[in-house]
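A closer look at the structure
What follows is the residue order along each chain.
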Amino acid sequence: MFNTTEVYVVAHSLVPGGRHYEKGLKELFAEAFLRVLDQVGNSQIGAIYVANAFSQVLQDQSALGAFLSDYVGLRRVPAIRIESGDGSSGVAMLEAYNMVKAGIYDCVAVVGVEKMHDVVSIKLNKALATITDYEYEGFFGVTPAAQAAMAMREYMLKYGYDYEDLAIWPIKMHERGSKNPYAYMRKQATLKDILESEVVADPLRLYDTAPAVDGAAAVVLCNKPLRDNAVIKIEGVGIGAYGTYLGQRDSLTELVSVRDATNMALKMAHLSINDINLVEVHDTYSILGMLALESMGLVRPGETPRLLSMGALDAGNKPVVNASGGLKAMGFPGGASGMYEVVSMVMELMNEKPFDSLGKVEYGIVQDMAGFDLISTVMIFRRVG
Amino acid sequence: MVEQRLSVPRYWRRIPQYYRLEGVQCVKCGRIYYPPRAVCECGSREFRPYQLPSMGKLLNFTVLYSVPAEFEKMKPLIIGIVDLGGVRVVGQIVDCMNPEKLTPGMDVEVVFRMVKMDGTYGLINYGYKFRPLDNC
């Protein structure tokens, strides 16, 4: 055993999601990275983990990391790109965590960066379809939206919900986003707006999908805190897998990889799920956010729409779900999306604006996932001091 | 039509699956898999080819309006999960002008159709799709 050290999040930054046509991967990366670099001062960053899903498909760029570290004047610092679809960020966080935990580096940066708007939507759909089993799903036109839509249909049938009941997810996420200056969607949404929005994949509507954005977000992990007041420590990490062709799954309403990742992280942190105060889930589609909560054990299966509409998952409760507004409000920057969740969670635990009203709570959990239950990661953050 | 530069060998090596829905059956325990895989749940690595039946039942479906580039001219696509003799296959549901008439449990048959084409002079990819037996 060479686990000798603790791992702290000592800096964080986020470029709000948007259509950053004037910026490429390098500029977005630099914007997020230089901000965390300035926060840590002269700390030696041993390596940079870059979470990115689509640079080969959308920007014709392989070995992305090399060009990013050179761009920020750190040519001899290895920047390692992690590609795990839209779940790249969580895997990059785990790899970075392991490097610090194992004592290989004192400090490691993790940067998620993605440019979704370099192509038109039908080409982006094709890129997203590569997160399916492409030979047998994407080949026939299956996309992640189609998979989520069928999961939504199964969920509605299984628990007896109408579409209107599930519309509570986008309503709540837009409400949270309207109070978050870092959000991309900062407008409240009414049931009428949602019911009148276009159908993406029946029964899934536009408001059920996290809007694609360009963006970047970064943290620095170190083996000691850089200040002695409130700091964020990573208490546990977990990873789970259930990658399979959709037809070989027994159920579309349980995310096995999320359940396994959660249990692994809780075990490492010596916690039970009831200890968790705040949660950020990977709601690329509203149904996936609900299934994640239920698969993590935070909400009983089939209860999420009911609890949400009662306000039982809003600020002041335990747990508070997606105080940031989730990816629904923050936007969906592909492989960087998990870093948006991580940075939001750090800000929430630190009570930074606009999360100052959440109060001093101890534990936050972040869930990231690639595709439909393919590979999931869960990280537990603790506010200490 | 968008130029896809579809790869010949990538398509050609999947012809048994795309044309005939050829899965595999474990020689030891009899489990059937589609798509084929190298190791069975029982641990065995011995399989024989197994052709799925051509009649089945619709289990779940969605009408997909936001499609990838190569399907732009065919939208909306109906994507469904079909049970073929106990094996579930994901694919397109075709010959259905009124998707609101689709219901889980309805009978479907396997049909052979064009899946995508690569511009005017490129490769045409064929494969299985599913057609409801009752008009819809």
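Please refer to the structure higher up on the page.
Here we summarise the structure given alongside this text. None of the values given here were measured: they were computed from a predicted structure.

1. Some points on the interface of chain B and chain A
Every contact between the two is made by 24 residues of chain B and, on the other side, 27 residues of chain A. Breaking the side of chain B that touches chain A down by element, the ones donating at least two residues are β4 (55-64), β5 (77-84) and β6 (87-93) of chain B. Here the side of chain B that touches chain A takes 5 residues from β6 of chain B, the largest share from any one element. Looking at the side of chain B that touches chain A residue by residue, the class counts come to 15 nonpolar, 6 polar and 3 charged.

2. A look at the pairing of strand β11 (residues 363-370) of chain A
Residue and element names in this part refer to chain A. Burial analysis of β11 places 8 of its 8 residues in the buried class, the great majority of the element. Side-chain alternation along β11 places Y363, I365, Q367 and M369 on one buried face and G364, V366, D368 and A370 on a second face that is also buried. In this structure, strand β9 (residues 278-280) lies alongside β11, joined through 3 bridges in parallel fashion. Within β11, the position partnered with L278 by the bridge is G364. Where β11 lies against strand β12 (residues 375-384), 8 bridges are found, and the strand directions are antiparallel. The residue bridging V366 from the neighbouring strand is M379, located in β12. Hairpin geometry of β11 and β12 is characterised by an intervening segment of 4 residues between the two adjacent antiparallel strands and by a positive phi of about 55° at G371.

3. Here's the deal with the packing of helix α1 (residues 25-40) of chain A against helix α3 (residues 64-71) of chain A
All names here are of chain A. Direction vectors running N to C along α1 and α3 enclose 55°, while the axes themselves pass 10 Å from each other. By the criterion of interaxial angle, the relationship of α1 to α3 is oblique. Seen along the crossing, α1 lies across α3 with a hand that is right-handed. Here α1 contributes L25, K26, F29 and A30 to the contact with α3, which in turn contributes L64, F67, L68 and Y71. The residue inventory of the contact of α1 with α3, partitioned by class, reads 7 nonpolar, no polar and 1 charged.

4. Describing the packing of helix α10 (residues 256-269) of chain A against helix α11 (residues 286-296) of chain A
Helix-helix packing: each pair is described by the crossing angle between the helix axes and the interaxial distance. Residues and elements named next belong to chain A. Relative orientation of the contacting elements α10 and α11 amounts to 45°, with a least axis distance of 8 Å. Our classification of the angle between α10 and α11 gives oblique. For the pair α10 and α11, the crossing hand works out as right-handed. In contact with V258, R259 and T262 of α10, α11 contributes A292, S295 and M296. Split by residue class, the contact of α10 with α11 holds 3 nonpolar, 2 polar and 1 charged.

5. A word on the sheet that holds strand β2 (residues 32-33) of chain B
Residue and element names in this part refer to chain B. On the basis of which strands lie adjacent, the open sheet formed by 3 strands has the order β2-β1-β3 and antiparallel pairing. Looking at the sheet topology across the chains shown, the edges are occupied by β2 and β3 (47-51). Pairing of strand β1 (residues 22-26) with β2 involves 2 bridges; the strand directions are antiparallel. Its bridge partner being in β2, Q25 is matched across the sheet by I32.

Rules used throughout
- Residues numbered from 1 in each chain as written.
- Chains lettered and ligands numbered in written order.
- Predicted model: local features only at pLDDT ≥ 70, side-chain atom pairs only at ≥ 80, totals over all residues.
- Contact = placed C-beta atoms within 7 Å.
- Helix = DSSP H or I, 4+ residues; strand = E, 2+ residues; numbered from the N terminus.
- Nonpolar A, V, L, I, M, F, W, Y, C, P; charged D, E, K, R; others polar.
- Buried ≥ 20, exposed ≤ 12 C-beta atoms within 10 Å, placed from the backbone.
- Pairing = 2+ DSSP bridges.
- Axes fitted to C-alpha atoms, helices over the stretch in contact; angles between N-to-C directions.
- Parallel < 35°, antiparallel > 145°, perpendicular 65-115°, else oblique.
- Left-handed = near helix turned anticlockwise from the far one by under 90°.

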